[in-house]
Amino acid sequence: MRVSFGGASGKELASTCDSASELAAAYGKALDAAGATEADFDVEGEQLTDSDSVALRSEAIALLQKERDDLAVTFTLPVMPSGLDDDGVALLESANDKGVQVSTVNVMTMNYGSAYDEDMGDYAEASAQAAHDQLEKTFGLSDEGAWRGLALTSMLGVNDVDNETFSLSDAEQVRSFAEEKGVAWVSMWSTFRDQACEGDDASSDDAATNCSGVEQGAGDFAAAFSG
């Protein structure tokens, strides 16, 4: 089981705790409550640009891994077809400098912005390749090791950006690419959206949390990702 800290809304614990020891204890309490030995840190928006909380988080995770040598740590970060932005790279460099053992970097291949209006499958591949190269450089990994340390998460169907729609064929493309490169995993945002919209959801401006906004059968994206 993996406990995920952070997300797009609110404040992550690194912004509210005063010391690395206090922060490590807070993370540990959540992990113990879930009986988990895996922790994911989803850092985006203002939390990603807050260098003080980034440094504190790195220090706390390093402390936690000293106490729990079986703790696997992943980071979930926004990405563009050009790769992680400077803040994303700085976060990974901070973790590396503090001695954090990072097992996987999960990049969110979605919400690129209005300038991106072409094929979402191609954008996912470009984003993955650019992030792979950054992982090689930041952690001193081999080509194969950088692919094994990378994961890809796509937003199903209609994305939060009006001109972005991730189709079933895009999902098949991403799965094939991931298998070829040997990435850690592919996943989706989210299982609740892996169904066609009906009723009020079908006429909504976006698919919200309950459906994909594209024509599909229930579970079609899961099937496309799993092969």
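Residues numbered from 1 in each chain as written. Predicted model: local features only at pLDDT ≥ 70, side-chain atom pairs only at ≥ 80, totals over all residues. Heavy atoms only, no water.

Remarks on the nonpolar core
Going by this rule: Residues belong to a common nonpolar core when they are buried Ala, Val, Leu, Ile, Met, Phe, Trp, Tyr or Cys residues joined through side-chain atoms within 4.5 Å. Three exposure classes are used, based on accessible area relative to the maximum for each residue type with a 1.4 Å probe and protein chains only: buried under 20%, partly exposed in between, and exposed over 50%. Whether two residues touch is decided by their heavy atoms; if any such pair falls within 4.5 Å, the residues are in contact.
Of all hydrophobic cores here, the largest spans 55 residues; its most connected members are Tyr-27, Phe-41, Phe-75 and Leu-77. Among residues more than four places away in sequence, those in contact with Phe-41 are Phe-5, Glu-12, Tyr-27, Arg-57, Ile-61, Val-73, Thr-74, Phe-75 and Thr-76.

Here we look at the side chain of Gln-134
Rules: Numbering of helices and strands runs from the N terminus; a helix is a DSSP stretch of H or I covering at least four residues, while a strand is a stretch of E covering at least two.
The topology assignment puts Gln-134 in helix H5 (residues 120–139). Residue Gln-134 is classed as buried on the basis of its relative accessible area, which comes to 18%. Setting aside its immediate chain neighbours within four residues, Gln-134 contacts Gly-83, Leu-84 and Val-89.

Quick look at the state of the cysteines
The criterion, for reference: We call a pair of cysteine sulfur atoms a disulfide whenever their separation is within 2.5 Å.
Counted by the stated rule, this structure contains 1 disulfide. Through a disulfide, Cys-197 is tied to Cys-211; the S-S separation comes to 2.1 Å. Taking the torsion about the S-S bond as the criterion, the Cys-197 to Cys-211 disulfide, at about 90°, is right-handed. Taken as a pair, Cys-197 in the loop between strand S8 (185–189) and helix H8 (220–226) and Cys-211 in the loop between S8 and H8 lie far apart in primary sequence, 14 residues in all. For the pair shown, Cys-197 and Cys-211 are each scored as buried.

Re unusual backbone geometry
The amide bond that connects Trp-189 to the next residue, Ser-190, takes the cis arrangement and shows omega of -5°. Tracing the chain through its elements places Ser-190 in the loop between S8 and H8. Positive phi values are uncommon outside glycine, yet Asn-111 reaches one of about 50°. Mapped onto the elements, Asn-111 comes out in the loop between strand S4 (102–109) and H5. For Asn-111, a relative accessible area of 30% gives the class partly exposed.

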